[in-house]
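# Understanding the architecture of this molecule
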Amino acid sequence: MDSSGLYLDVTDFAHSTPAWAQSAFEFFTEYGLLVFGALFIAVWWRARGARAPRTVALAVLAPFVTALAYVASELVKSTVDEERPCRAVAGAAASLITCPATGDWSFPSNHATIAGAAAVALALTVRELVLLTVPLALLMAFSRVFVGVHYPHDVAMGLLLGASLAALAALALAGPVTRVVAAARTSGGRTAVLITGPDPAR
C-alpha cells in the first residue's frame, strides 16, 4: 500500500499551520498516550464501586489487552521492516520531530495501535467514554502523520489492529476474570478488596 501522496499532503499542511499548532501536535504526539494511562486508573477506581464484577474485570483487563496489542504491533513491525517516511519519501518536508532511527520501523504505528486498543478497552468498561476515547485515538493517529513520522496506512492499520485485538481479548477474557474478581471480593482479603473493591453483598 502506497499512501505517500497523502503523507505529503498532510505534512505540507502541517508546515503551513501556525507555530503554536505545530507545537501542540508535537506535544500531543509525544505525551498524549498518558491521557489513556490516566483514564485506565480513573476507570478502574470507579469500577471498584460497581456491583457487577464484570465491570471490574473489564477495567482491570483494559491496560493488559492494550499491552497485548502493543506486543502484536511490535511483532508485525519486525516482520515488515518498512522505512519511516521521513527518510523514504523524496521531496517531503522535514518531520516536525526527530525522525526515528533506522531499525525503528514504521508499519504499523505503535502509538496508533495503543490508542486504538485503549479507546476500545475503556469504552467496553464505560460505554459513554467512547465519545472521548475514539476522538483521542483518531487524533493520536493523525498526529503521527502530521509530525511526519508515519504514513497514513501505518496509523490506519495501527488503529484497526489495536481496536480489534483489544476487543477480542477483552471479551474472551472477561468471563474468567469476572469469576476471579467475584471470588476475590468474597474472600474479603485486604489486597483483593483494594484491587476489586468491596463485595456489595457485605
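All values derive from a computational prediction rather than experimental measurement. (Residues numbered from 1 in each chain as written. Predicted model: local features only at pLDDT ≥ 70, side-chain atom pairs only at ≥ 80, totals over all residues. Heavy atoms only, no water.)

### Observations concerning the nonpolar core
Test applied: Take the buried residues of types Ala, Val, Leu, Ile, Met, Phe, Trp, Tyr and Cys, join any two whose side-chain atoms come within 4.5 Å, and each joined set is a nonpolar core. Accessible area is worked out with a 1.4 Å probe on protein chains only. A residue is then buried under 20% of its type maximum, exposed over 50%, and partly exposed in between. Strands here are runs of E lasting at least two residues and helices are runs of H or I lasting at least four, both read from the DSSP assignment and numbered beginning at the N terminus. Contacts are assigned to residue pairs with any non-hydrogen atoms lying within 4.5 Å of each other.
Judged by nonpolar contacts, the single largest core of 46 residues is most densely connected at Phe36, Val43, Val65, Leu122, Ala137, Phe146 and Val147. If you list the elements that add at least two residues to this core, you get α1 (4–16), α2 (19–31), α3 (33–47), α4 (53–80), α6 (110–125), α7 (130–146) and α8 (152–187). Examining the composition of this core, we find that 8 residues originate from one element, α4, more than from any other. Sequence-distant contacts of Phe36, defined by excluding residues within four places in its chain, comprise Ala115, Ala118, Ala119, Leu122, Thr133, Leu136 and Ala137.

### Observations regarding the environment of Gly91
Within the fold, Gly91 resides in the loop between α5 (85–88) and α6. Residue Gly91 is classed as exposed on the basis of its relative accessible area of 75%.

### A few points about the environment of Leu194
Topologically, Leu194 is positioned in helix α9 (residues 190–196). Separated by 154 residues in the primary sequence, Leu194 and Phe40 place their C-alpha atoms 16 Å from one another. Ignoring any residue separated from it by four or fewer positions in sequence, one finds Leu194 in contact with Trp44 and Arg48.

### A short note on the packing of aromatic side chains
Where two aromatic rings form a pair, the distance of their centres and the angle of their planes describe that pair. What counts, and what does not: Only Phe, Tyr and Trp rings take part, Trp by its six-membered ring, and two of them pair if their centres are within 6.5 Å. Stacked means planes under 30 degrees apart, edge-to-face means over 60, and tilted covers everything else. A ring has a charge above it when a Lys NZ or an Arg CZ is no more than 6 Å from the ring centre and no more than 35 degrees off the ring normal.
Taken as a whole and assessed by the stated rule, the structure comprises 7 aromatic pairs. Ring geometry for Phe13 against Phe146: centres 6.2 Å apart, planes inclined by 80°, an arrangement best described as edge-to-face. Of the two residues, Phe13 is situated in helix α1 and Phe146 in helix α7; the sequence distance between them amounts to 133 residues. Geometrically, the ring pair formed by Trp44 and Trp45 is edge-to-face, given 5.6 Å between the ring centres and 70° between the ring planes. A residue is classified by how much of its surface remains accessible, and Trp44, at 24% relative accessible area, is partly exposed. Aromatic rings pair up to connect Phe13, Phe25, Phe142 and Phe146 into one cluster. Sitting over the ring of Trp45, Arg48 keeps its end group 4.4 Å from the ring centre.

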